[in-house]
Amino acid sequence: MTTIPMVTFEAGTQGRSLWSDQAPIISGTGFIPVTEVRLKTACLDGSGREWLSENGYLVSAGTTFNTALTAAVGDDYYGIAAEGPIYSMRCADGTGHDFVLPLEGVLELRYQLLDGGRPMWSGTAHRTTHQEPSGGGEKVALLHNSTPGVDHGLALLRSAGHDVSAFAVQSDEPELDPLLQALEESGCRHMIASGRASEAALELAQRLPQLKSVSIFSGSALRFSPWRIEGRPLPFVACDHSTLQPRGRTVLSTRTVYAEAVADRDNRNQGRIEVEKIACPLYLFSGSDDQIWPSAAFSELASQRRTAHGLESITLHKTFPSVGYDLGPELGLPGLPTTERTLSHSVTGFRLALGGKMGRQSRARRECWEELLAILAV
């Protein structure tokens, strides 16, 4: 008697789940052992572009497979990623496109399972960054760089029950006193920042004794911007961006520019941020392959400085091997594709290399998100 394969689909409550929830899981029983089934995933992003992935899964000797437990086999990735088939999606229009979440934060994912080339199952799932806040959480300040992802990271944090206020930080608006006053008035108990916004966050955190934690993603313990606070300018590392020329390339890595700037000890020292004046726990998360700037080395400077001042017990620096720049609630939400390892520059039009390997990036994003929620829950 022939066994008819059975497919199970776990896509979240009522077919709709948050991006921070576990990825949809497709599993099956009754398949021919040691054969391959293929899962195609497709969606339209907020810009109307189609994104696709196709992953193979080897059926076990027990006739089963599971996208959360069985290693995927394909051109993009070999292994198990934290976000299942979503993380490996590529743009149908080719490379060089940012994945854009819809303004309302809801995305429909379409799945098709093929057994020996024969379509045998299809399904859809809806993922969203918006959910009615549960309330009762902490007051959180999210300092950001005005990137497209900030609204969705803000929505996810609020969906987790936290009272979050967002504050844009721009290096071409160096006066920090108005922001310091706004943060004091907000009554925030936790601060989150990423990228260039981390410079301002670490300066401001020194002056906010009510903080319970500061979490920095892909950040820096050095000033590269001419910030002003309490009526005085702060010294910063001189960095020559004029040497950064595309020379026929469409993708640039800016890491070298920053690395060369800090190679001069005197130049580096004038930009050191006095992180030892931050009284609360400081959490730093970085990727060793960050191609925007060497955030792992910059974050380690903060960790070492605090250790030298007896603050090792309330300092954590976590570096992820082979992981790039896009971490944290603004830069790297869990559950987004990690195949496109570049990012468009809003001013020049060139694309910037992010660094990192897609599977590792998927897992690091998930781990950063889970650790952040744990920090905010304390």
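Heads up: the structure comes first, above all this text.
This one's a predicted model, so the numbers in the text were calculated from it and none came from an experiment.

**Student:** How would you sum up the overall build of the protein? Please name residues and give values.
**Tutor:** When you go through the protein residue by residue, the secondary structure sums to 8 helices and 22 strands. The C-alpha radius of gyration computed for the protein amounts to 22 Å, which stays within 12% of the reference 21 Å derived for 378 residues, consistent with globular compactness. Of the contacts formed within the protein by residues at least 6 apart in sequence, a portion of 71% connects residues at least 24 apart. Mean positive and mean negative side-chain charge positions of the protein (34 and 43 charges, respectively) differ by 3 Å.

**Student:** Could you give an account of the sheet that holds strand β15 (residues 213-217), naming the residues involved and the relevant values?
**Tutor:** Pairing within the open sheet is parallel, and its 6 strands lie in the order β13-β12-β14-β15-β19-β20. Strands with a single pairing partner mark the edges of an open sheet, and in this sheet they are β13 (163-168) and β20 (315-320). In this sheet, adjacent strand axes meet at a mean angle of 15° when their direction is disregarded. The pairing of strand β14 (residues 190-194) with β15 spans 5 bridges and is parallel. Paired with A193 across the strands is I216, a residue of β15. Against the sheet, helix α6 (residues 295-308) touches β19 (282-287) and β20, its axis set at about 155° to β19.

**Student:** Could you give an account of the packing of aromatic side chains, with specific residues and numbers?
**Tutor:** Pairs of aromatic rings are described using the distance from one ring centre to the other and the angle between the two planes. Applying the stated criterion to the full structure yields 11 aromatic pairs. Judged by centre distance (5.0 Å) and plane angle (90°), the rings of F224 and Y258 are edge-to-face. Note that F224 is positioned in the loop between β15 and β16 (228-229) and Y258 in helix α4 (residues 255-262), a separation of 34 residues in sequence. Here the aromatic rings of W293 and F298 are separated by 5.8 Å at their centres, their planes lie at 85°, and the arrangement is edge-to-face. Taking the relative accessible area as the measure of exposure, F298 reaches 2% and is therefore buried. What links up through ring pairs into an aromatic cluster is the set F224, Y258, W293 and F298.

**Student:** Describe the pairing of strand β3 (residues 25-29), naming the residues involved and giving the relevant values.
**Tutor:** Across the 5 residues that make up β3, a large majority, 4, are buried. Summarising the sheet, β3 and strand β6 (residues 65-66) pair through 2 bridges and their orientation is antiparallel. Note on β6: the bridge partner recorded for S27 is N66.

**Student:** Which residues make up the nonpolar core, and what values go with them?
**Tutor:** Grouped together as the largest cluster of nonpolar side chains are 45 residues, with contacts concentrated most on Y111, L157 and I192. For this core, the elements supplying multiple residues, two or more each, are β4 (36-44), β5 (50-58), β10 (106-115), β11 (118-128), β12 (139-144), α1 (150-159) and α8 (358-377). Apart from residues lying up to four places away in sequence, L157 is in contact with L142, H162, V164, I192, P329, W369, L372 and L376. Counting 32 residues, the second largest nonpolar core, distinct from the first, contains A141, A200, L211 and A221.

**Student:** Describe the sheet that holds strand β21 (residues 342-344), and please don't skip the residues or the numbers.
**Tutor:** Pairing in this open sheet of 3 strands is mixed, and the strands run β18-β22-β21 from one edge to the other. Edge positions in the open sheet fall to β18 (251-252) and β21, since each of these has one partner strand only. Relative to strand β22 (residues 351-353), β21 is paired through 3 bridges, and the arrangement is antiparallel. When the sheet's bridge partners are listed, T342 is paired in β22 with A353.

**Student:** Run through the pairing of β15, naming residues and quoting values.
**Tutor:** Most of β15 sits inside the fold, with 5 of its 5 residues counted as buried. Residues S213, S215 and F217 line one face of β15 and the alternating positions V214 and I216 line the opposite face, and both faces are buried. Note that β15 and β19 share 4 bridges and pair parallel. Bridge pairing in β19 links I216 to L284.

**Student:** Could you give an account of unusual backbone geometry, with specific residues and numbers?
**Tutor:** Positive phi, normally seen in glycine, also occurs at V34, with a value near 55°. Secondary-structure assignment places V34 in the loop between β3 and β4. Of note in this structure, E230 is not a glycine but carries a positive phi near 55°. With respect to the helices and strands, E230 occurs in the loop between β16 and β17 (232-233).

**Student:** Talk me through the pattern of salt bridges; I want residue IDs and the actual numbers.
**Tutor:** Applying the stated criterion across every chain yields a total of 20 salt bridges. We note a salt bridge from R49 to D93, for which the minimum N-O separation is 3.6 Å. Residue R49 is located in the loop between β4 and β5, and its partner D93 is located in the loop between β9 (90-91) and β10; the two are separated by 44 residues in the primary sequence. Its relative accessible area of 53% is what places D93 among the exposed residues. A salt bridge links E138 to K212, with the shortest nitrogen-to-oxygen separation between them at 2.6 Å. Of the two residues, E138 is situated in the loop between β11 and β12 and K212 in the loop between α3 (197-205) and β15; the sequence distance between them amounts to 74 residues. We classify K212 as partly exposed; its relative accessible area is 28%. One connected set of salt bridges, linked through shared partners, spans E203, R207, R223 and E230.

Here is what the cut-offs are and how they apply
Residues numbered from 1 in each chain as written. Predicted model: local features only at pLDDT ≥ 70, side-chain atom pairs only at ≥ 80, totals over all residues. Heavy atoms only, no water. Helix = DSSP H or I, 4+ residues; strand = E, 2+ residues; numbered from the N terminus. Rg over C-alpha atoms; globule rule 2.2 N^0.38 Å. Contact = heavy atoms within 4.5 Å. Lys, Arg positive; Asp, Glu negative; His and termini not counted. Charge placed at Lys NZ, Arg CZ, Asp CG, Glu CD. Pairing = 2+ DSSP bridges. Axes fitted to C-alpha atoms, helices over the stretch in contact; angles between N-to-C directions. Phe/Tyr/Trp six-rings, centres within 6.5 Å; stacked < 30°, edge-to-face > 60°. Buried < 20%, exposed > 50% of the residue type's maximum accessible area, 1.4 Å probe, protein only. Core = buried A, V, L, I, M, F, W, Y, C linked by side-chain atoms within 4.5 Å. Salt bridge = Lys/Arg side-chain N within 4 Å of Asp/Glu carboxyl O.

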